[in-house]
Amino acid sequence: MEAILFSGIQAAGKSAYFKARFADSHVRLNLDMLRTRHREGILLRACLEARQAFVVDNTNLTAADRARYIELARAARFRVVGYRFFVDLDTAIARNAGRAGPRPVPELALRASLKRWQPPDPGEGFDALYDVRAEAGQFRVTAARDTA
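Thresholds applied
Residues numbered from 1 in each chain as written. Predicted model: local features only at pLDDT ≥ 70, side-chain atom pairs only at ≥ 80, totals over all residues. Heavy atoms only, no water. Helix = DSSP H or I, 4+ residues; strand = E, 2+ residues; numbered from the N terminus. Buried < 20%, exposed > 50% of the residue type's maximum accessible area, 1.4 Å probe, protein only. Contact = heavy atoms within 4.5 Å. Areas by Shrake-Rupley, 256 points an atom, 1.4 Å probe, with all protein chains shown as cover. Lys, Arg positive; Asp, Glu negative; His and termini not counted. Charge placed at Lys NZ, Arg CZ, Asp CG, Glu CD. Arc of directions from axis to C-beta. Polar contact = N/O pair within 3.5 Å; in protein donor to acceptor, adjacent residues only side chain to side chain.

> What exactly am I supposed to notice about the overall build of the chain here?
The secondary structure content of the chain amounts to six helices and six strands. The secondary structure elements of the chain, listed N-terminal to C-terminal, are β-α-β-α-α-β-α-β-α-α-β-β. For the C-alpha atoms alone, the extent of the chain along its principal axes is close to 40 × 35 × 30 Å. Of all 148 residues assigned to the chain, the portion counted as buried reaches 43%. Long-range pairs, those at least 24 residues apart, make up 74% of the contacts in the chain with a sequence separation of at least 6. Carbon and sulfur atoms make up 51% of the accessible area of the chain, which amounts to about 8,200 Å² in all. One way to put it: in the chain the 24 positive side-chain charges average out to a point 3 Å from where the 17 negative ones average out.

Printed below as a string of structure tokens:
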């Protein structure tokens, strides 16, 4: 079974990539949708117990944010795959302004997220790691090297 972790700032293309690539095969764990860590934990445990492939579609900005998922997935003998979503700040701000839904993320929050972001490193426990860039409505995915 496969546990996938997305990592990147808001408006980097994570949810769009999930819908394009994994919606038919993986359960989506997303705090925007689930609203609380408690609900997320219930669904995560259900996926692990049922041996159901899943994607953690959150910002997962730091190694500590990602570690909780990696540890649980490894303990359940899941293959752990990471996707690093790269976007420049101006593009993220423009995408964010055009978001459907209740409200865009404040620009200050985008800037703060970018400053906090520690792109995932192979040493965190990933079996595979990929870089994703959303460009002109398409996703360019490449195998990650040790550095972004």
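> Help me out: how do you make sense of helix α5 (residues 89–97) in this one?
Count 3.6 residues to each turn of an α-helix, and residues three or four apart come out pointing the same way. Three or more residues of α5 are buried, namely L89, A92 and N96. All buried residues of α5 lie within an arc of 60° about the axis, which places them on one face of the element. Facing away from the buried surface of α5 by more than 90 degrees, the exposed residues are D90, A94 and A97. Tucked inside the fold, the buried residues of α5 contact α6 (107–116). The backbone nitrogen of D90 lies 3.2 Å from a side-chain oxygen of the residue at the head of α5, namely D88.

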